[in-house]
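Secondary and tertiary structure notes
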Amino acid sequence: MSIERSQPARQWAATRPGDDLAQLAQKVAAAHRSFVESADAAGVRAVVRDSWLRSDRGGVSPDSLAEQSVLSGVDLDRYRSAHPMALIRPVIDKLLVEDLAESGLIVAITDENGRLLWVEGDSAAKDRAVRMNFAEGADWSERSAGTNAPGTALAVDHGVQIFEAEHFSRAVHEWSCSAAPVHNPNTGQILGAIDITGGPRVAVPEVLALIRATVATVESELRFHLLERPHLFDSETPRVEFLCTATPTIIRGGQPSPLQRRHAEILLLLGAHPEGLSAEQLAVLLDEHELDAVTIRAEVSRLRKVYGAEGLSSRPYRLRAPVNSDVRDVCDALDRGDLERAIGLYRGPVLPASDAPGVVRIRADLREQMRAAMLRAGDPGQLGRWLATPEGREDSELWAVYRAALDPGSTAFARASARIAVLDRELGS
């Protein structure tokens, strides 16, 4: 079941006509305190509760915003001017921004990963928002900033409002926001999000309806661009396939091609370190003994020709946007608590032929995240699918959990018992 279908329609709006906003603000503030103190998420909408749980699992602090990965200067200008959302910015300006100069409201446009590309509107509101780093170039994905309208809209792929203390971080509790994702009208791929941020009046249903209407308009505009230029998005961020393959693959414009293992290792490691890595740090993560900084610089230079120079920064080496990859898809599904999708996406270990120390660690971390999620869920169907894989076949702990969830009179129970007996003998020998 998709996240969108699992939520009642009224859950996406923070308020309903006639609500006492002051009373509602007290209620959600009390719910937030209860969650922070005892992990009790009663008293809030399901979409907020689920987002708080994702934020908490992801290590976001409710007491302070994490130090964020920020693009600025020339890097930001180049990135956003090449981004598909730049095509529809004039429409958003006309529909939303032009009337907000003295309104106390701001409009934000993000990329598909939650990075703020443009923040416009009321000058005083923009200045206040900068104090919590709600500024152009900052990362406002759920993984970085916790529950917030643009980040949560991207996480659940649906328009949503977040009212005051429904934000996970206390630093954002004086704000309310409404946001919705924008899609490539041909493929359905998320391109970014449109957000209105301000005071409590932003959380009324009419503002969410306004955002949705704006999204419908800009997607129509994109469809017009695609009719004139069918290959408009062929230069979108390339996709990399890391899982269960001796030959990693890079896909650009729908065309797959092999990617050298060393280049795949570098992309994977930079994706896991958004703060960036020096040549010396990369060398240690790739090979603890034999690589030097000169070799790393040469490899990164060659990688730029394959991945795209606009996607990589130097000093330190870092990605200007997260790697679009199968590994990231699995991690996103786990962050959302969508274990069924994570199992379907997880085809096998990360770069199985690599013995680079940093890659080995990422491979083990992802495997353990999968195991931990399945141990928590205890669903026999999901466990059975995992235990049929090479990684699950030898996992005696999960076999025991699987058997405990089965009918003792079933054939599956007998097979699980036999497998556990074999593993016990092997461990005892």
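Presented here is a report on the structure given in the accompanying data block. The structure presented is a predicted model; accordingly, all values stated were derived computationally and were not measured. (Residues numbered from 1 in each chain as written. Predicted model: local features only at pLDDT ≥ 70, side-chain atom pairs only at ≥ 80, totals over all residues. Heavy atoms only, no water.)

1. Some points on the packing of helix α11 (residues 279-286) against helix α12 (residues 293-307)
Direction vectors running N to C along α11 and α12 enclose 90°, while the axes themselves pass 8 Å from each other. When the axis of α11 is compared with that of α12, the two are roughly perpendicular. Of the residues in α12, those in contact with Ala279, Glu280, Leu282, Ala283 and Leu286 of α11 are Ala293, Ile296, Arg297 and Val300. (Axes fitted to C-alpha atoms, helices over the stretch in contact; angles between N-to-C directions. Helix = DSSP H or I, 4+ residues; strand = E, 2+ residues; numbered from the N terminus. Parallel < 35°, antiparallel > 145°, perpendicular 65-115°, else oblique. Contact = heavy atoms within 4.5 Å.)

2. Observations regarding the sheet that holds strand β5 (residues 190-198)
Reading across from one edge, β2-β1-β5-β4-β3 is the order of the five strands in this open sheet, with antiparallel pairing throughout. Unpaired on one side and paired on the other, β2 (116-121) and β3 (160-163) mark the two borders of the sheet. Taking each pair of neighbouring strands and ignoring which way they run, the sheet shows an average axis angle of 20°. When strand β4 (residues 176-183) meets β5, the two strands line up antiparallel, connected through eight bridges. Within β5, the residue paired with Ala179 across the bridge is Asp195. Strands in contact with helix α8 (residues 149-156) are β1 (106-111), β3, β4 and β5; relative to β4, the strand with the most contacts, it is inclined by about 40°. (Pairing = 2+ DSSP bridges.)

3. Some points on helix α10 (residues 261-272)
The end-to-end C-alpha separation of α10 is 17 Å, in line with the 16 Å expected for 12 residues at 1.5 Å each. Listed in full, the buried residues belonging to α10 are His263, Ala264, Glu265, Ile266, Leu267, Leu268, Leu269 and Leu270. (Expected span 1.5 Å × (residues − 1). Buried < 20%, exposed > 50% of the residue type's maximum accessible area, 1.4 Å probe, protein only.)

4. Notes on the pairing of β4
With eight of eight residues buried, β4 lies mostly within the body of the structure. Summarising the sheet, β3 and β4 pair through four bridges and their orientation is antiparallel. Counted as the bridge partner of Val160 is Ala179 from β4. Where β4 folds back on β5, the antiparallel hairpin that results is connected by six residues, among which Gly188 adopts a positive phi of roughly 80°.

5. As for the packing of helix α18 (residues 396-404) against helix α19 (residues 411-428)
Look at α18 against α19: their axes get within 9 Å of each other, and the N-to-C directions meet at 155°. As the angle between them shows, α18 and α19 are arranged roughly antiparallel. As α18 runs across α19, the sense of the crossing is left-handed. Contact residues: α18 offers Ser396, Trp399, Ala400, Tyr402 and Arg403, while α19 offers Ala412, Phe413, Ala416, Ser417, Arg419, Ile420, Leu423 and Leu427. A class-by-class count of the residues in the contact of α18 with α19 yields nine nonpolar, two polar and two charged. (Left-handed = near helix turned anticlockwise from the far one by under 90°. Nonpolar A, V, L, I, M, F, W, Y, C, P; charged D, E, K, R; others polar.)

On their own, these measurements won't tell you what the molecule is for.
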